[in-house]
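# Chains, contacts and geometry: an overview
Chain residues, written in single-letter form:
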Amino acid sequence: MNASSQAASRGALLQMLLGASVISSSAVFVKLVQIGPAASAFWRMALAAVILLVLLGQPWRRGRLRHWRPEGRVLGLVMLGAAFLALDLWLWHRSILYVGVGLSTLLANFQVFVLAGVGAIWLGERAGWKLWLGLSMALVGLALLLAPGWEHMDARFRIGVAFALAAALLYGGFLLAFRAAQSRRGQTPNEALQWWLCLGSAAMLGAIVPFGGETLLPASARDWMILTAYAAIAQVLGWLVIGRAMPKLPAGVVGLCLLLQPLLAYVWDVLFFHKRLGGIELIGIALSLAGIFLGLARGDQPLFGPRKQAGEAEDPSA
């Protein structure tokens, strides 16, 4: 490898580490903001759509508007992905409030095994020993995290666990739908697909908010600042950086970097919300992370292959 290639690889690695670190903050914003979980999900996607339009697209300039209009089938797949993502965020945000920043993020990353199952059953992909070993390790780790005190957990905590696992399932559906849209996008920029995704998810979440008895508008300047930072940092910046770096790195390196998201989520949980972790919990976290890594790193490419941004992907439950 020549010097320029080494420099490019190092740059891509630093971008991946930065992107994974940035998206690890997602659950922190949800925990800090003083509005309901559906409303915070709505503003994440709505503000991200505005930011993308201003910073990336500006499709009204230089006759670019026609390239920002995907053909009907592609737009349909994007909207299907938007529906999955809206429901994913609706559940994941509640899980964050019910079980905490770290555990909800770790459980949401089980989407790796959802994608693997779809690939093995319907797409004819080989599962391989890494996937089965990874799944086994992740399940043992999850059991160590939950089983010891499960009988003493209240209904809210148990529902939060179920919400996070359901969110992982929905996020897998989002990734599959959006990847299909990407493969058929033609001349439509990936940024445009992400913009349509954000717009569609925001519309769906906005329709859901009133049914949960939540107030849509933030009540303070502090909440507006948190929501704007949430959209700009977690939804736009993090996934744009990851999307550009991911195709340049081996699958194992990508998988290891992406593990920073759930790992740092636990760090933020401890630092900001005074989460206490015992020895058994630490072992469970380590086993789950190792299992997720094996699920991500199997084969020559990550299972989600050309996954780019959370709107282009990982999603980035999220």
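Residues numbered from 1 in each chain as written. Predicted model: local features only at pLDDT ≥ 70, side-chain atom pairs only at ≥ 80, totals over all residues. Heavy atoms only, no water.

### Side note on the packing of aromatic side chains
- Tallied over the entire structure, the rule returns 12 aromatic pairs.
- The interplanar angle of 75° and the centroid separation of 4.8 Å between the aromatic rings of F42 and W43 together place this pair among those described as edge-to-face.
- Given a relative accessible area of 14%, F42 falls into the buried group.
- Where F174 meets F178, the ring centres are 5.8 Å apart and the plane angle is 45°; that geometry is what we call tilted. With a gap of four residues between them, F174 and F178 both fall in helix α8 (residues 155–183), about one helical turn apart. Taken individually, F174 and F178 each receive the classification buried, so the pair is uniform in this respect.
- Counting every residue linked through ring pairs, the aromatic cluster contains F42, W43 and W224.
- Positioned above the aromatic ring of F273 is the side chain of K31, whose terminal nitrogen or guanidinium carbon lies 5.9 Å from the ring centre.
- Here the guanidinium or amino end of R94 rests over the ring plane of W90, the centre of that ring lying 4.0 Å away. (Phe/Tyr/Trp six-rings, centres within 6.5 Å; stacked < 30°, edge-to-face > 60°. Buried < 20%, exposed > 50% of the residue type's maximum accessible area, 1.4 Å probe, protein only. Helix = DSSP H or I, 4+ residues; strand = E, 2+ residues; numbered from the N terminus. Lys NZ or Arg CZ within 6 Å of the ring centre and 35° of its normal.)

### Let's talk about the layout of surface pockets
- Taken as a whole, the second largest pocket spans an internal volume of roughly 150 Å³.
- Lining the second largest pocket are 13 residues; nearest its centre among them are L145, L146, M153, K275 and E281.
- Residue assignment for the lining of the second largest pocket shows that the elements contributing at least two residues are α7 (128–146) and α13 (279–297).
- Looking at the lining of the second largest pocket residue by residue, the class counts come to 10 nonpolar, one polar and two charged. (1 Å grid on protein atoms, 1.4 Å probe; cavity = no way out; pocket = protein on both sides within 12 Å on 5 of 7 lines; lining within 4 Å. Points joined across faces, edges and corners; volume = space filled by probe spheres on them. Nonpolar A, V, L, I, M, F, W, Y, C, P; charged D, E, K, R; others polar.)

### Concerning the pattern of salt bridges
- A complete count under the given rule lists two salt bridges for this structure.
- Here R94 makes a salt bridge to E214, at a shortest N to O gap of 3.1 Å. Of this pair, R94 sits in helix α4 (residues 72–99) while E214 is found in the loop between α9 (190–208) and α10 (221–245), placing the two residues 120 residues apart along the sequence.
- Judged by relative accessible area, E214 falls into the buried class, the value being 15%.
- A salt bridge links R222 to D223, with the shortest nitrogen-to-oxygen separation between them at 3.4 Å.
- The class for R222 is partly exposed, based on a relative accessible area of 41%.
- Overall, D223 belongs to the buried group, its relative accessible area being 2%. (Salt bridge = Lys/Arg side-chain N within 4 Å of Asp/Glu carboxyl O.)

### Topic: the confidence of the model for the protein
- For the protein, per-residue confidence averages 82 on the pLDDT scale, and residues scoring 70 or more make up 83% of the total.
- Mean pLDDT across the secondary structure elements of the protein bottoms out at helix α11 (residues 251–258), with 69, and peaks at helix α2 (residues 26–32), with 95. (pLDDT = per-residue confidence, 0-100.)

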